[in-house]
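# What the coordinates show
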Amino acid sequence: MLTKRIIPCLDVRDGRVVKGVRFQNLRDAGDPAELAYEYEQQGADELVILDVSATNEGRLAMLETVQQVRNQIAVPLTVGGGIRSVDAARELLRAGADKVSVNTAAVHRPELIQEISNEFGAQCTVVAVDAKRILSTGGWGVFSSSGTRDERKDALQWCHQAQQLGAGEILLTSMDRDGTRTGFDCELLSAAATVVEIPVIASGGANSVRDMLDAFASGAHAVLAASIFHDGCMTVAQVKSELNKNRIPVRQ
Amino acid sequence: MSEVIHIIDTGVANISSMQHAWIRLGFEPMLTTSAADVEKAKRVVLPGVGSFAAGMSCLRNLGMVDAVAERVEKNRPLFCVCLGLQLLCKSSEESPGTTGVGVVPVDVKRFPTEVSVPKLGWNRIQPQLTFEEQMQFSGGYAYFANSYRVEAIPSDWSTAISNYGGEFVAAYWKGNVLACQFHPELSSRYGQTWLQTWSEFTC
């Protein structure tokens, strides 16, 4: 049986880890390579690095960051942010990523998922979906460009389409919960887990082990968290030990 | 001076992780596309991600199929990872009609439909008795990323077993040849013990 995965997420801007609330008000949270090393020691099952800088300087810094992090860790590394082509994906993979995560560019040109999946395999292709509750419909909409742009697209349909195009995993972030520490959007998770067979990674809102138990009960294969680990509220090891007591299979 | 280890450049996506894993153990990894290197080098790594047909066509294009087979037949140090393990087999359900290197007399099958693929994540593996005794491995958690697997235990080979929709071969080993279905380079300290043990036990 596969264990449930705990994935610390490093949002990186210009070579530094940052964290905000609902994608806004970013503050410094440390050095990527140092944090990555620390999280692997604590028992992190994977790491995700998301490039949240928009500049070209930021892109180059990102390749360096990926190299430095790879140098430090021997667990899977997913890298996302601004990937618009197979070549961009290849560059990050060469720098040390094991998987790439696409978001905005794939929303605008869904074939990108297919291109990356055909070239590097589904196991390498993560589609990140930033979803926000739409009060008028009761569903969830897709937002792109770091959550600034309403794509007028149904999030669940998009998850399904991504799977059909060759995605190996869906990294599903609730924009309503991101950085708020009010728990995952479990309704969103269970709805997504019923429309796709590939693993869904829960993201946005983690505050406690209880939240993670709820996410797993809602069908998530893995949970992603940033704030609670960066702020030192909990270590990955503590989280896993608590999950284990609650009969969730984790690697320890 | 650190010892060179040759990694066959099959165009695999995450080659950097593989290189770093060997650097951490004090080796100097060198990517190669030369069949002569595969024949002569002291230690060779066959990584692989992608389809069975693409992996075999890569080996054929590099003129390496016989060189890889010969390393197994002559018991020379070879470490295969993921698709690398499958390529040594006879055939795969993934690519009907494609012949594998064929030195390990089993066929590769798809996971049963009741489990989701690709299988992505950490799963416990357990070396079987002879394997454990000889290589001093204990059980542990390893990272997998695969949609196909070897189910039948190849005769004459020692194995480690895992379970995902039924038991399957997580690794097989004989003499100086070790093949892992999981990714030791991504399996943290536990994975590193596999690389290290192989590098210490083989000669």
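Structure first, text after, so check above.
I will try to describe carefully the structure that is included in this document. (Residues numbered from 1 in each chain as written. Chains lettered and ligands numbered in written order. Predicted model: local features only at pLDDT ≥ 70, side-chain atom pairs only at ≥ 80, totals over all residues.)

This brings us to the sheet that holds strand β6 (residues 107-110) of chain B. All names here are of chain B. Taking strand neighbours across the sheet as the criterion, the three strands line up as β5-β6-β9 in an open arrangement whose pairing is mixed. Lying at the two open borders of the sheet, with one neighbouring strand each, are β5 (91-92) and β9 (148-150). Of the pairings in the sheet, the one linking β5 to β6 comprises two bridges and is parallel in character. Note that in β6 the partner of Ser92 across the bridge is Val108. (Pairing = 2+ DSSP bridges. Helix = DSSP H or I, 4+ residues; strand = E, 2+ residues; numbered from the N terminus.)

Moving on: the interface of chain B and chain A. Across the boundary between the two partners, chain B contributes 25 residues, which contact 28 residues of chain A. Among the secondary structure elements, those contributing two or more residues to the side of chain B that touches chain A are α1 (15-24), β7 (119-127), β8 (140-146) and α7 (188-201) of chain B. Sort the elements by how many residues they give to the side of chain B that touches chain A and β7(B) lands first, with five residues. Tallied by class, the residues present in the side of chain B that touches chain A amount to 11 nonpolar, 12 polar and two charged. (Contact = placed C-beta atoms within 7 Å. Nonpolar A, V, L, I, M, F, W, Y, C, P; charged D, E, K, R; others polar.)

Moving on, we come to unusual backbone geometry. Here the bond from B:Val117 into B:Pro118 is cis, since omega is 0°, no more than 30 degrees from zero. Relative to the assigned elements, B:Pro118 resides in the loop between β6 and β7. Positive phi, close to 50°, is recorded for A:Asp14, a residue that is not glycine. Relative to the helices and strands, A:Asp14 resides in the loop between β1 (5-13) and β2 (16-21). Within the chain, A:Ser146 stands out as a residue other than glycine whose phi angle is a positive 55°. Note on placement: A:Ser146 falls in the loop between β8 (140-144) and β9 (149-154). Its 18 C-beta neighbours within 10 Å are what place A:Ser146 among the partly exposed residues. (Buried ≥ 20, exposed ≤ 12 C-beta atoms within 10 Å, placed from the backbone.)

Across soluble globular proteins, nonpolar side chains show a tendency to be buried alongside one another. Counting residues in hydrophobic clusters, the biggest one holds 149 residues, and the most contacted among them are A:Leu47, A:Val100, A:Ile170, A:Leu172, A:Leu189 and A:Val223. Top contributing element to this core by residue count: strand β11 (residues 167-174) of chain B, with six residues. Setting aside residues no more than four positions away along its own chain, A:Leu189 makes contact with A:Leu172, A:Phe184, A:Val200, A:Ala202, A:Ala215, A:Ser218, A:Gly219 and A:Ala220. (Core = buried A, V, L, I, M, F, W, Y, C linked by C-beta atoms within 7 Å.)

Here we come to the sheet that holds strand β10 (residues 158-163) of chain B. All names here are of chain B. The mixed open sheet is built from nine strands, whose spatial order is β2-β1-β3-β4-β12-β11-β10-β7-β8. Looking at the sheet topology across the chains shown, the edges are occupied by β2 (28-32) and β8. Neighbouring strand axes in the sheet, compared pairwise and without regard to direction, differ in orientation by 30° on average. With three bridges joining them, β7 and β10 adopt antiparallel strand pairing. Looking at the pairing, Pro127 lines up with Ala160 of β10. (Axes fitted to C-alpha atoms, helices over the stretch in contact; angles between N-to-C directions.)

This next bit is on the pairing of β9(A). If a strand is regular, its side chains alternate between the two faces of the sheet. All names here are of chain A. As paired elements, β8 and β9 share three bridges and run antiparallel to each other. Bridge assignment links Ser144 to a residue of β9, and that residue is Arg149. The turn joining β8 and β9, which pair antiparallel and follow one another in sequence, is formed by four residues; a positive phi near 50° is taken by Ser145.

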